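Observations on the model geometry
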Amino acid sequence: MKKVGKPVFFVVLVLILLLTYTSFLGISTTFGDIPTTWIKGAGDIRWGIDVRGGVDVTFSPPDDYDASDEDMAAAEQIIKVRMVSQNITDYEIYTDYDKDRIIVRFPWKEDETEFNPEDAIAELGATARLTFREGYETDASGLPSGITAETIILEGKDVEEAAPAMTNNNEIVVSLKLTAEGAEKFAEATTRLAPTRGIISIWMDDVMISYPSVQNAITNGEASISGNFDAAAAKELADKINAGALPFTLQTTNFSTISPTLGVGARDAMVMAGFIAFAAICVLMIALYRLPGMVACIALMGQAAGTIAAITGYLPAISSFTLTLPGIAGIILSIGVGVDANVITYERIREELRLGRGIDAAIDAGYKRAFTAIFDGNITVVFVAVILMGAFGPPASIFAMMLKPVFGIFGSSTTGAIYSFGYTLLVGIILNFLMGVTASRLMLKSLSKFKPLRKAWLYGGEKK
């Protein structure tokens, strides 16, 4: 390893302290009555329903729709995907196939200070049932009627991917890539309607959002939705379409707010217990390993701060992640793995000192020989976390796409609590490599350059 100068310890220490301060306390300013958040702190964490509480809502199909068990299962799965896609990773869903109802419980959103259940339900229950219909006939209520009600050209299931786009005329639209079956149906309809400049109206649920005329036959499986969108509205519509089309329109039969199962008091108690446990670990590490133990405490503090930053989103433009009890378990487990990595390393350093090596050689050999065991243990946990996130996360996530050949044959199994556990575990392990291996090595090498600290006893060796 290249020589590490004396100032390196202080540089790394300042960076870790800065990360710790900002990730826990955040940075915000207030101009007049307008607060501005520059960096999110622990106070901006979005707590799961098992800590903070949320909404209890029952969805059901319309009275005139006879939903099959397959329809109910599909609706349940799509609701799960939507919640995880919105970073709502803690939820409960129960489907009553006999009474055709879906009971959903989900937590408050991060930016809600005055909780409005109606708004929360409207956001989740927006069915996003996309249809392309012939003509644009409507009744007095604005609902499709006549040939428009009878002739559905495409449905949401015929859309493979939706994304906001910009036309040559600088108009913001939602571009659609159709499936093979959808492309075939759309080609037939546009070929038939193009000679008469027929209309194909586009509906989201029972709201007509656009009704373009067919200028030419579209046979390449690509289409677009126009409707005077701005960028945010186009993205929102594309996200709803990508989340999936329900087999029926969701109706809210009843809802209520639910109290936290743990409550703010219990959360505060867990935080206090966490600080006490961290302090106890630091005392033990310093007692056993002296100077390396102090370095380990600083590295563990950086790992904890980095994990909090990954949960809050840290920067305002980044969405926060819901912290649930399984997510907390992932943090605890990853910190435990970090402590284990330090123990392995420092025991190797102590062993090298007992064999008569000098301090510099002992540190280098200790980190080098411990790395293989640390890497093997950590990479195994990384594989587990990736598999959990791929198998139980949203289908559009990078891990789900990576594991699609393996898990695709079983269908989507979105489960927010497991996804949350995998997320915090993966973040913690990555930070363990950064803090527990790299940063701690730099700090310890730097400290070993100071003459008063060049005593084997300070590194776990015997006191002479």
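All of the points below concern the structure found in this document. Fair warning: this is a prediction, and the values are worked out from it, not measured in the lab.

Parameters at a glance
Residues numbered from 1 in each chain as written. Predicted model: local features only at pLDDT ≥ 70, side-chain atom pairs only at ≥ 80, totals over all residues. Heavy atoms only, no water. Pairing = 2+ DSSP bridges. Helix = DSSP H or I, 4+ residues; strand = E, 2+ residues; numbered from the N terminus. Axes fitted to C-alpha atoms, helices over the stretch in contact; angles between N-to-C directions. Contact = heavy atoms within 4.5 Å. Salt bridge = Lys/Arg side-chain N within 4 Å of Asp/Glu carboxyl O. Expected span 1.5 Å × (residues − 1). Buried < 20%, exposed > 50% of the residue type's maximum accessible area, 1.4 Å probe, protein only. Left-handed = near helix turned anticlockwise from the far one by under 90°. Nonpolar A, V, L, I, M, F, W, Y, C, P; charged D, E, K, R; others polar.

Notes on the sheet that holds strand 11 (residues 200–204)
With antiparallel pairing, the 4 strands of this open sheet are ordered in space as 8-7-11-12. What marks the edges here is a single partner per strand, and that holds for strand 8 (152–155) and strand 12 (207–210). Within this sheet the neighbouring strands show an average axis-to-axis angle of 35°, counted without direction. As paired elements, strand 11 and strand 12 share 3 bridges and run antiparallel to each other. When the bridges of strand 12 are listed, Met204 appears paired with Val207. Relative to strand 8, helix 5 (residues 180–193) is tilted by about 150°, and along the sheet it contacts strand 7 (130–134), strand 8 and strand 11.

Things to note about the pattern of salt bridges
Throughout the structure, instances matching the rule amount to 12 salt bridges. Between Arg101 and Asp96 there is a salt bridge whose closest N-O contact spans 3.3 Å.

With respect to helix 1 (residues 7–25)
Within an α-helix, residues lying three or four positions from one another point in the same direction, as the helix has 3.6 residues per turn. The end-to-end C-alpha distance of helix 1 is 27 Å, a good match for the 27 Å that 19 residues give at a rise of 1.5 Å each. When we look at burial in helix 1, the residues that qualify are Phe9, Val12, Leu13, Ile16, Leu19, Thr20, Thr22 and Ser23. Once helix 1 finishes, Gly26 follows within two positions and takes phi at roughly 70°, a positive value.

Here we look at the packing of helix 9 (residues 325–354) against helix 10 (residues 359–392)
Orientation of helix 9 relative to helix 10, taken along the N-to-C sense of each, is 145°, at an axis distance of 8 Å. Two packed elements cross with a definite hand, and for helix 9 against helix 10 that hand is right-handed. Of helix 10, the residues touching helix 9 (which contributes Val337, Ala341, Ile344, Thr345, Tyr346, Arg348, Ile349, Glu352 and Leu353) are Ile359, Ala362, Ile363, Ala365, Gly366, Tyr367, Arg369, Ala370, Ile374 and Asn378. Across the contact of helix 9 with helix 10, the residue classes break down as 13 nonpolar, 3 polar and 3 charged.

Focus: unusual backbone geometry
Of note in the backbone geometry, Asn170 takes a positive phi value of approximately 60° without being a glycine. Assignment of secondary structure puts Asn170 in the loop between strand 9 (159–166) and strand 10 (172–178). Under the relative-accessibility criterion, Asn170 is labelled exposed at 63%. For Arg290, which is not a glycine, the phi torsion comes out positive at approximately 60°. As for its position among the elements, Arg290 is in the loop between helix 7 (263–289) and helix 8 (291–312). In this structure Arg290 comes out as partly exposed when scored by relative accessible area, which is 23%.

So, the sheet that holds strand 13 (residues 222–225)
Taken together, 3 strands build an open sheet; the order of strands is 9-10-13 and the sheet is antiparallel. On the outer flanks of this sheet lie strand 9 and strand 13, each paired with one strand and no other. Mean inter-strand twist for the sheet, computed between neighbouring axes without regard to direction, equals 30°. Sheet topology note: the strand 10/strand 13 ladder contains 4 bridges and is antiparallel. Bridge assignment links Val174 to a residue of strand 13, and that residue is Ile225.

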